[in-house]
Amino acid sequence: MTTQRTPLTPGTRDALARLVTQHGFFGSLLYELMRLEETTEVPIAATDGRRMMLNPQGFGTRPMQERVFILGHETMHAILDHMGRGAGYAAAGIGPDGRRHQPDLYHRAAEFVVNAICEANGLGPCPADGVIDRTGRFTAINTVEDVYRVLAAERRVEQQQQQQQQQQQQQQQQDEQDDDEQDDDEQDDDGSEGDDGSEGDDSTDGEQDDGDDDEQDADRSEGDDSTHGDDSPDRTD
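Residues numbered from 1 in each chain as written. Predicted model: local features only at pLDDT ≥ 70, side-chain atom pairs only at ≥ 80, totals over all residues. Heavy atoms only, no water.

### Looking at the sheet that holds strand β3 (residues 51-54)
Note the cut-off: At least two bridges found by DSSP between two strands are what make those strands a pair. Put simply, DSSP marks the helices as runs of H or I at least four residues long and the strands as runs of E at least two long, and each gets a number from the N terminus on. To define axes, lines are fitted to C-alpha atoms, for helices over the stretch in contact only, and angles between the resulting N-to-C directions are given on a 0 to 180 degree scale. We call two residues contacting when some pair of their heavy atoms lies within 4.5 Å.
Here 3 strands make up an open sheet; going across it, the order is β1-β3-β2 and the pairing mixed. A single partner strand is all that each edge strand has here, and the edge strands are β1 (35-38) and β2 (45-47). On average, adjacent strands in this sheet sit at an angle of 20° to one another, irrespective of strand direction. Contacting β2 and β3, helix α3 (residues 64-79) runs over the sheet at an angle of about 20° to β2.

Pasting the structure below:
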């Protein structure tokens with residue numbers, strides 16, 4: 001029984017022809033290792049290591065150079081068995097750095113690797129929406145494990161910095177709360193001292209009143225003495 005295959009759309013077919021004629025190494029490996037399928041189940045392109053799945057719109061409408069690059073990109077994933085190796089790490093639960101496996105970092109590391117290889121082999125610059133390192137950290141000779149370890153270390157540093165920032169913010173909020181409570185306590189103490197001060201004023205007034213009474217008594221006594229003094233010479237005469 002013969003299975004009839006659906007013809008590829010012009011965008012895919014032309015990109016394959018360009019890859020085979022200008023980049024024979026990638027073209028021959030693509031035809032030897034993979035089966036091409038056009039589908040809308042992926043946004044642009046993807047591979048499981050055996051099939052290369054291409055979206056007729058997401059892939060087929062791109063510029064020719066980008067389509068050729070993407071074909072080489074997916075082929076390199078299959079050649080390097082990124083899918084099989086990633087599945088092994090996922091099953092073990094331990095990543096290339098000996099810590100808990102992080103699939104998103106593994107996928108990103110694989111993207112860095114294949115894009116660097118494609119650029120180094122003249123497939124053109126990586127598309128703008130691709131993952132490529134421009135700092136010189138990762139080159140075509142790096143493995144996915146190399147890149148994963150670097151990315152994992154950078155993520156740990158970022159997480160530590162975020163934790164420190166959160167702790168600092170929490171401490172700052174706690175300090176502000178303590179300051180507010182201290183201000184409230186001081187205001188309460190000030191109110192109590194004001195009441196005592198008013199009582200102190202009353203006692204002072206009381207003392208002043210007592211002083212006034214004493215002075216009045218003294219004045220009366222002096223008045224009596226002067227009267228007697230005036231009478232005394234009269235009686236003597």
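So, next bit.
### A closer look at a negative patch on the surface
What counts here: Nonpolar side chains (Val, Leu, Ile, Met, Phe, Trp, Tyr) are joined into patches within 5 Å and like charges within 9 Å, using only residues with over 30% relative accessible area and no salt bridge. Computed with the Shrake-Rupley method and a 1.4 Å probe, the accessible areas treat only the protein chains shown as cover for residues. What counts as a salt bridge is simple: a side-chain nitrogen of Lys or Arg found within 4 Å of a carboxyl oxygen of Asp or Glu. None of His or the chain ends enter the tally, which takes Lys and Arg as positive and Asp and Glu as negative. By convention, the charge on Lys lies at NZ, on Arg at CZ, on Asp at CG and on Glu at CD.
On the surface, Asp 175, Glu 176, Asp 178, Asp 179, Asp 180, Glu 181, Asp 183, Asp 184, Asp 185, Glu 186 and Asp 188 cluster together to form a negatively charged patch. With respect to the helices and strands, the residue Glu 181 is situated in helix α6 (residues 144-236).

### Digging into the packing of helix α1 (residues 10-22) against helix α2 (residues 24-33)
Put simply, the test is: The cut-offs work like this: below 35 degrees is roughly parallel, past 145 is roughly antiparallel, 65 to 115 is roughly perpendicular, and the gaps in between are oblique. Note: crossing handedness is left-handed where the near helix turns anticlockwise from the far helix by less than a right angle, and right-handed where it turns clockwise. Gly is placed with the polar residues, together with every amino acid not listed as nonpolar (Ala, Val, Leu, Ile, Met, Phe, Trp, Tyr, Cys and Pro) or charged (Asp, Glu, Lys and Arg).
Interhelical geometry of α1 versus α2 gives an angle of 120° and a closest axis separation of 5 Å. By the angle between their directions, the pair α1 and α2 is classed as oblique. Where α1 crosses over α2, the two elements pack in a sense that is left-handed. Here Leu 16, Leu 19, Val 20 and Gln 22 of α1 lie close against α2, whose contacting residues are Gly 24, Phe 26, Gly 27, Leu 30 and Tyr 31. When grouped by side-chain class, the residues that make up the contact of α1 with α2 number 6 nonpolar, 3 polar and no charged.

### Regarding the environment of Asp 104
The following threshold applies: Type-normalised accessible area, obtained with a 1.4 Å probe on protein chains alone, sets the label of each residue: buried when under 20%, exposed when over 50%, and partly exposed for intermediate values. Here a polar contact means two N or O atoms within 3.5 Å. Within protein one must be a hydrogen donor candidate and the other an acceptor candidate, and residues neighboring in sequence count only if both atoms are side-chain atoms.
With respect to the helices and strands, the residue Asp 104 is situated in helix α5 (residues 103-120). By relative accessible area, which is 44% here, Asp 104 ends up partly exposed. Along the sequence, Asp 104 and Tyr 148 sit 44 residues apart, while their C-alpha atoms lie 9.9 Å from each other. For Asp 104, the side chain forms a polar contact with the side chain of Arg 155, separated by 2.8 Å.

### Re the nonpolar core
Definition in use: By nonpolar core we mean a set of buried residues, namely Ala, Val, Leu, Ile, Met, Phe, Trp, Tyr and Cys, connected to one another through side-chain atoms within 4.5 Å.
Of all hydrophobic cores here, the largest spans 35 residues; its most connected members are Leu 19, Leu 30, Met 52, Leu 54, Leu 71, Val 147 and Leu 151. Per-element accounting of this core gives the leading share, 9 residues, to α5. If sequence neighbours within four positions are ignored, Met 52 has contacts with Leu 30, Met 34, Arg 35, Leu 36, Glu 37, Ala 46, Leu 71, Glu 74 and Thr 75.

### Details of α3
Heads up, the condition is: The length a helix should cover is 1.5 Å for every residue beyond the first.
Relative to the 22 Å expected for 16 residues at 1.5 Å per residue, α3 spans 23 Å between its end C-alpha atoms, a close match to the ideal helical length. Along α3, 13 of the 16 residues are buried, which leaves the element largely enclosed by surrounding structure. A positive phi of about 55° marks Asp 81, the residue just after α3.

### Here we look at the pattern of salt bridges
In the structure shown here, the tally under the stated rule is 13 salt bridges. Here Asp 48 and Arg 50 are joined by a salt bridge, their closest N and O atoms 3.8 Å apart. Given a relative accessible area of 57%, Arg 50 falls into the exposed group. Across the pair Arg 62 and Glu 66 runs a salt bridge, and its minimum N-O distance is 2.9 Å. Across the pair, exposure class does not vary: Arg 62 and Glu 66 are buried alike.

### Examining unusual backbone geometry
The backbone phi angle of Asp 81 is positive, close to 55°, even though this residue is not glycine. Locating Asp 81 in the fold gives a position in the loop between α3 and α4 (82-92). The partly exposed category is assigned to Asp 81, whose relative accessible area is 40%.

### What about α5?
Here α5 is 18 residues long and its end C-alpha atoms lie 26 Å apart, about the 26 Å a rise of 1.5 Å per residue gives. Residue Gly 122 follows α5 closely and has a positive phi angle near 80°.

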